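Architecture at a glance
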Amino acid sequence: MDDIVLSIKGITKRYPGVTALDDVSLEFHKGEVHALVGENGAGKSTLIKVISGAVTPDSGEIIVGTKGYTSLTPHQAKEEHIEVIYQEFNLVDSLSVAENISFGERSGTFVNFSQMENKALEVLGMMGITQISPKTQVGKLPSSQKQLIEIAKSVSRDAKILIMDEPSAPLSVAEVDKMFEIVRMLKNKGVTIIYISHRLDEIFSIADRVTVMRDGKYIATKLISETGTQELIALMVGRELKESYPVRNCEPGTEALKVEELCGNGDSGISFTLHRGEILGIAGLVGAGRTELARLLFGADKLDSGSIFVNNRKVELHLPGDALCCGIGLIPEDRKQQGCFLEKAIDWNCVISCLKSISRGLFVDEEQQKILSDSYREKLEIKTPTMRQLVKNLSGGNQQKVVIAKTLAANSDILIFDEPTRGIDVGAKQEIYKLMCEMVENGKAILMITSDMQELLGMSDRIIVLYKGQISGELRKEEFSQEKVLEYASGIQ
Amino acid sequence: MKTIGLLEIFKKYAIFFVMVGLIILFSLLTPYFLTMQNLTNVFVQNSYVIIAAVGLSFIMISGGMDLSIGYQMSLVGIVTSTLMKNVGLPVAVCLIIGMALGILLGLFNGLMAIILKVHPLIVTLGTMTIFQGISYIISNSKSILNLPKSFKFIGQGYLFGFLPVSVILMILIVAIATIILDKTYVGRFIYALGSNEEAAHLAGIDVKKLKLFVFALCGFFVSIATIILFARTGSGASSTGPGTEFTCMTAAVLGGISFKGGEGKMWGVVVGVLILGILSNGMQLINMSTYVQYVVKGFVLLAAVGFDTYQRESAVTAK
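Residues numbered from 1 in each chain as written. Chains lettered and ligands numbered in written order. Predicted model: local features only at pLDDT ≥ 70, side-chain atom pairs only at ≥ 80, totals over all residues.

Overview of the overall build of chain B
Inclusion rule: The secondary structure listing takes helices from DSSP runs of H or I that are at least 4 residues long and strands from runs of E that are at least 2 residues long, numbered from the N terminus. For the radius of gyration, the atom set is restricted to C-alpha positions; the globular benchmark scales as 2.2 Å times the number of residues to the power 0.38. Around each residue's C-beta, the other C-beta atoms within 10 Å are counted; 20 or more make the residue buried, 12 or fewer make it exposed, and counts in between make it partly exposed. All C-beta atoms are placed from the backbone. C-beta atoms are placed from the backbone for every residue, and two residues are taken to be in contact when these atoms lie within 7 Å.
Per the secondary structure count, chain B includes 14 helices and two strands. The C-alpha radius of gyration of chain B comes to 20 Å, within 12% of the 20 Å expected for a compact globule of 319 residues. Along the longest, intermediate and shortest principal axes, the C-alpha atoms of chain B span 65 × 55 × 35 Å. Each of the 319 residues in chain B was classed as buried or not, and the buried ones make up 46%. The long-range share in chain B, meaning contacts at least 24 apart out of those at least 6 apart in sequence, stands at 77%.

What about the pairing of strand β3 (residues 33–37) of chain A?
Residues and elements named next belong to chain A. Stated formally: Paired strands, in this sense, are two strands between which DSSP finds at least two bridges.
Within β3, five of the five residues are buried, which leaves the element mostly enclosed by the surrounding structure. The alternating pattern of β3 places Val33, Ala35 and Val37 on one face and His34 and Leu36 on the opposite face, and all of these are buried. In terms of strand pairing, β3 meets strand β8 (residues 192–196) through four bridges, oriented parallel. Bridging from a neighbouring strand, Val33 pairs with Ile193 of β8.

Some points on unusual backbone geometry
For A:Glu166, which is not glycine, the phi dihedral falls at a positive 50°. Here A:Glu166 shows up in the loop between β7 (161–165) and α6 (173–188). Residue classification places A:Glu166 among the buried residues on the basis of 20 C-beta atoms within 10 Å. Even without being glycine, B:Ser141 reaches a positive phi, approximately 65°. Position of B:Ser141 among the secondary structure elements: in the loop between α6 (120–139) and α7 (149–156). Its 10 C-beta neighbours within 10 Å are what place B:Ser141 among the exposed residues.

What about the domain arrangement of chain A?
Residues and elements named next belong to chain A. Operational definition: Those domain boundaries reflect an automatic or database domain assignment. Residue classes follow a fixed rule: Ala, Val, Leu, Ile, Met, Phe, Trp, Tyr, Cys and Pro count as nonpolar, while Asp, Glu, Lys and Arg count as charged, and any other residue, Gly among them, counts as polar.
Per the domain assignment, the segments of chain A are domain 1 (4–237) and domain 2 (255–489). Distance from the C-alpha centre of domain 1 to the C-alpha centre of domain 2: 36 Å. Counting residues at the interface gives 10 residues for domain 1, matched by 10 residues for domain 2. By residue class, the composition of the side of domain 1 that touches domain 2 is five nonpolar, four polar and one charged.

Regarding the interface of chain A and chain B
Listed as interface residues are 23 residues of chain A and, on the opposing side, 16 residues of chain B. Contributions of two or more residues to the side of chain A that touches chain B are made by α10 (320–325), α11 (335–339) and β18 (363–364) of chain A.

A short note on the sheet that holds strand β16 (residues 328–331) of chain A
All names here are of chain A. This is how it is decided: As a rule, the C-alpha atoms of each element are fitted with a line to give its axis, helices using only the stretch in contact, and angles between N-to-C directions run from 0 to 180 degrees.
The six strands are arranged β16-β19-β20-β13-β21-β22 in an open sheet whose pairing can be described as mixed. Each edge of the sheet is formed by a strand with only one pairing partner; in this case those strands are β16 and β22 (470–476). Here the average twist between neighbouring strands, direction ignored, is 20°. Sheet strands in contact with helix α17 (residues 482–489) are β13 (279–283), β21 (462–467) and β22, and its direction is about 30° off that of β21.

Some thoughts on helix α9 (residues 290–297) of chain A
The buried count for α9(A) comes to seven of eight residues, which makes it a mostly enclosed element. Taken from the residues just after α9(A), A:Gly299 is the one with a positive phi, measuring 75°.

Focus: the nonpolar core
Rules: We define the nonpolar core as any set of buried residues of the types Ala, Val, Leu, Ile, Met, Phe, Trp, Tyr and Cys, connected via C-beta atoms lying within 7 Å of each other.
Grouped together as the largest cluster of nonpolar side chains are 225 residues, with contacts concentrated most on B:Ile51, B:Ala52, B:Ala53 and B:Phe221. Of all the elements, helix α11 (residues 207–233) of chain B adds the most residues to this core, at 16 residues. Looking at which domains feed residues into this core, each of domain 1 (4–237) and domain 2 (255–489) of chain A gives three or more. When neighbours within four sequence positions are excluded, B:Ala52 is seen to be in contact with B:Ile69, B:Phe221, B:Val222, B:Ala225, B:Thr244 and B:Cys248.

See the structure below:
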């Protein structure tokens, strides 16, 4: 256990506005399964990207075996036998299993198919997988088997360090067991496995050691035999709540939105109510079905069953247009791809959702457009020399304000914010919080999906936690705690 | 500051200055170019192309593509001619049927693109062949000669002795198209759809309905282009029309309609068609061979597209 295959010393990586990794030092031993845990945005993904050469750190050193690097290129990482299995598969669906396993390797000018297939058979045999033929097209395999092909690919390249990012996400319980068997076999062969997972129960059954990260910082490394779920959660959430949140003077009022037994889009059995003057926080880990829920409520995706009531009236939402008519607005998670039209002007964006209402017959009333967009420029303090400016030239915070203006201009009074402050600088964040508070004070209702724990606890009146597409818990203001949220979000309770 | 302003204007209207440059060039090269007679000719010959290109531009701005325009013209033209000449229906009735058929063919394209969830480029590659087949089945590969005089008036006639009917129709169509695009909410929605379909969907726009509308509108404009073309030639054949789609596409790209959608103006398309028209006309007048003309036109397109991309990139790096 003593020989160190990989050590990381003082790695720092800054992005504009955030420090993704802050002086992280960590060691990995030969033949261990080393779990990495932390909340969304704790820096796990950036760390593995540094190790695999996808991201160049600002400072620090990476020592692989005996060689030191200030940064790795993806090619160097490959040469050092560092392999990564990402959440999204890196397989070519149109090629066969054998071709995928040997992908990127060259042996002479021509492709030797029989040699490739033999190699695939050998690797799969070694892993104890006999049910997959090397000739099968990968696109025809279920995702659980694709996962195995990913592992086989790494094994065939003689991986010494194998990084697995949320490998169990697409797998069923039985399949996870099968994967664990293979992981243990690799471990016994001396491969170091860096295992990233949100599911703490898995970590206790597979890992030897576990490292906790928080806010881009290294927190602690524990032997799995000497720790427990409670301790890990305490380490994960030990963050100080340094940001302040605007105080609002309002009490939740009448019911604005009620959903009953909502199913569809991977979610099931979702029921809750949202009141005027209330911010209801929706928590959950990545992939828990939060954005999917937002899209159902906005009519952007199809509902399988269940009912939605707006102001005590049952509504049918087939298209986002229907939702807007009912007063439901969505500020989507990806503002550049979903929220606004980057190549168009600010005023153009502001009125696009309410264009019919500012038109006389077919014709857009430019005067009204100016009045309306200028009023939102003032209310939301959109910082720009002119409203004719293209949205792509604005900062993230101002872009977000444009998206909010667009939604408010459509007369929405039930607002769904999906990650309201993602990628926005601190000052603009405060302004967005202030705006949200003003909205609820004016009798609007807000559903806030967020991965930011501080924001969740600081802004919400009530919190619903999702786990695997279902509500796993609800917290009232006096019950708020990071531990509670994380327990529900990890499916522990 | 002032020089920057001039440069901006030049960049924005570059295509217009290219056209002016060509007019000056050909005026110097040949005395036959800058005459009332010849310029009227250029307009008459190209009015149907402009109308079809306007239709195509709607689709391109919405982020789609239509390769079937040429054979839509062939089919609409043959049906209209057959009804007029072989069935003997009144001209007015045939025109209405022709326009309705144009709208129908456009709707068919749009419907296929929505149902099959395939890019319209591929869809219209298929429907193009279908339209071609039907057109030849109806015409039996034979030309229909001597179309009625009242019909030919649309393509050959003059109002007040000097205003070509086809040019008046063209100006009318361009005006309507410009108003739809620039002034109505439907036009805004079309730009929205082309610049970001997902955001358009989430902004509450009924994307499917809008796509159908755009294709139907294009079909309508194409049917008008067909009527003008067939009326000008005075006879109908299944081979009349095909090829127009590429001229229109070239003109649209020249005129600044982005292939990715979401951008472009109608006046640009008109100038685009006119540039191609002036090039053909001018080169013919200075006795350049047809094949050399193709080579020149090809290079003009590449230069225009290259200039556009270069300008965008320099704008990006300047930031």
